[in-house]
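Letter by letter, the chains look like this.
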Amino acid sequence: MVRKLVVCMLLSLFLLTLFTGVNVNSANAAKIAMEWGHLNPALYNYNATRYSNELSWETTICTNVNSMFGGKGWSNSNSYGASTTRNNVYNVLDNVAYPSNGVTTAATFWVGDFSHPSGVSPPSPYGYFGCYTDVPNAYVIDYEIYNHATAYGSSKQHFTFMWTCSNGGLYWGNNGAWQNISGVTWSASAPTNPPPSNPNTQYGYNHLVGNSVYNRVGMPYAWTGTTGMSTNGYTSPSGSYTYIGWENNSPFMIDAPPAGSSSTGLQYLYFVYHFYNYALGYATGTPEKVKVSLDYAAEMTFGRISSSSYYTFGTSVLNVGQWSNDPYFPGFANYWFYCKMRVLGNGNMYIQ
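Residues numbered from 1 in each chain as written. Predicted model: local features only at pLDDT ≥ 70, side-chain atom pairs only at ≥ 80, totals over all residues. Heavy atoms only, no water.

Visitor: Could you give an account of the overall build of the protein, with specific residues and numbers?
Guide: Counting secondary structure elements, the protein contains 8 helices and 14 strands. Per-residue burial over the protein gives 53% buried out of 352 residues. Here the contacts in the protein between residues at least 6 apart in sequence split such that 73% fall between residues at least 24 apart. (Helix = DSSP H or I, 4+ residues; strand = E, 2+ residues; numbered from the N terminus. Buried < 20%, exposed > 50% of the residue type's maximum accessible area, 1.4 Å probe, protein only. Contact = heavy atoms within 4.5 Å.)

Printed below as a string of structure tokens:
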């Protein structure tokens with residue numbers, strides 16, 4: 001009994017040290033908020049100014065989101081940039097999951113570039129999903145995230161907002177089956193009207209890699225540990241998790257949405273800012289549901305549809321979708337994807 005107590009005390013001290021390494025205020029905090037992300041400089045070498053501007057805006061929004069969580073009593077850490085490493089991400093996931101640390105819920109915001117890292121028998125149509133870190137070729141990968149987030153049981157990552165390309169789409173059917181849809185799971189040579197319909201129904205699945213050994217594929221599955229979330233958490237909310245991410249290309253923080261009849265001219269960064277400002281209760285004094293906060297952010301960012309109505313998330317280009325060919329990247333001019341933001345899980349959730 002004494003030996004077990006000593007081991008537990010040493011492990012708790014070790015976990016506290018790991019939390020401190022990324023500046024989380026307390027290892028025993030009930031609520032942990034983290035901001036992560038990293039750009040891949042190699043993608044921007046042709047346009048250093050654009051890279052510098054995007055880096056500045058992503059740094060700014062992570063700083064703002066971090067401050068908003070801190071002001072509401074969350075134990076918080078802005079680890080965007082140099083602190084976004086595999087070790088830091090996986091250590092924090094372990095620490096949040098570890099029962100003796102007393103964490104009840106975690107909220108994550110991630111912005112930056114994604115990658116399809118190589119792995120064991122990468123599953124179709126895209127392979128495994130990952131994000132860039134500060135260490136070249138050392139990505140955080142979906143099945144590894146799952147292993148850490150669920151290391152001690154159910155995931156405590158109850159709210160996750162991933163502003164990266166591709167890490168939130170519906171790409172599979174049952175048991176990993178998938179349909180090849182031009183503009184969704186494969187690029188189109190040009191936009192079509194009407195846009196493609198996506199019949200795939202799953203955001204993740206168990207990929208068999210050995211005798212009864214599975215890797216969990218799909219970032220939403222990885223963070224939440226479940227394949228049971230509603231695939232339209234905005235109109236059909238359910239469950240105890242919410243995951244927001246992008247199907248195909250995500251806009252840059254410095255990009256402006258398509259102009260409406262009365263466009264505000266604000267960049268996408270402001271959508272993220274207004275969402276958290278409303279959801280955490282700064283705009284009105286009272287925290288609000290995720291879906292209502294999405295509506296508020298759309299109204300503030302996209303402006304009016306007409307003289308008598310404002311955009312909601314549902315009527316905005318985020319939910320409706322838009323064609324994108326990443327014109328800023330050389331060689332992508334004829335690779336068109338239909339891109340939209342997916343709200344999975346429970347849009348009626350409060351982030352508190």
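Past the structure itself, the notes keep going.
Visitor: Before we move on, could you go through the environment of Q202 and cite the residues and values that matter?
Guide: Along the polypeptide, Q202 turns up in the loop between strand 7 (157-163) and strand 8 (205-210). C-alpha separation for the pair Q202 and W172, spaced 30 residues apart in sequence, amounts to 4.9 Å. If sequence neighbours within four positions are ignored, Q202 has contacts with G169, L170, Y171, W172, G173, N174 and T227. Separated by 3.4 Å, the side chains of Q202 and T201 make a polar contact. (Polar contact = N/O pair within 3.5 Å; in protein donor to acceptor, adjacent residues only side chain to side chain.)

Visitor: Break down empty space enclosed by the protein for me, with residues and values.
Guide: Within this structure, the stated rule accounts for 2 cavities of 30 Å³ or more. When contributions to the lining of the largest cavity are tallied by element, the ones reaching two or more residues are strand 1 (31-36), helix 3 (86-97) and strand 3 (105-111). The dominant element in the lining of the largest cavity, judged by the number of residues it contributes, is helix 3, at 4 residues. Class assignment for the residues of the lining of the largest cavity results in 9 nonpolar, 2 polar and no charged. (1 Å grid on protein atoms, 1.4 Å probe; cavity = no way out; pocket = protein on both sides within 12 Å on 5 of 7 lines; lining within 4 Å. Points joined across faces, edges and corners; volume = space filled by probe spheres on them. Nonpolar A, V, L, I, M, F, W, Y, C, P; charged D, E, K, R; others polar.)

Visitor: Summarise unusual backbone geometry; cite the residues concerned and give the values.
Guide: Of note, the bond from S124 into P125 is cis; its omega dihedral lies within 30 degrees of zero at 0 degrees. Residue placement: P125 occurs in the loop between strand 4 (114-115) and strand 5 (130-131). Cis geometry marks the peptide bond from N193 to P194; its omega dihedral reads 10 degrees. Positionally, P194 belongs in the loop between strand 7 and strand 8. Residues other than glycine seldom take positive phi values, yet S212 does so here, at roughly 60 degrees. Topologically, S212 is positioned in the loop between strand 8 and strand 9 (213-217).

Visitor: How would you sum up the pairing of strand 3? Please name residues and give values.
Guide: Here strand 3 lies mainly inside the structure; 7 of its 7 residues are buried. Side chains T105, A107, F109 and V111 project from strand 3 onto one buried face, and the interleaved A106, T108 and W110 project onto a second face that is buried too. The pairing of strand 1 with strand 3 spans 6 bridges and is classified as parallel. Paired with E35 across the strands is F109, a residue of strand 3. As defined by bridge partners, strand 3 adjoins strand 7 across 6 bridges and the pair is classed as parallel. Bridged to V111 within strand 7 is W163. (Pairing = 2+ DSSP bridges.)

Visitor: Now, about the environment of G183: what can you tell me, with residues and values included?
Guide: Within the secondary structure, G183 sits in the loop between strand 7 and strand 8. Measuring from C-alpha to C-alpha, the distance between G183 and S197 comes to 9.3 Å, with 14 residues separating the pair along the chain. When sequence neighbours within four positions are dropped, the list of residues in contact with G183 reads A188, P196, N248, W323, W336, F337 and Y338.

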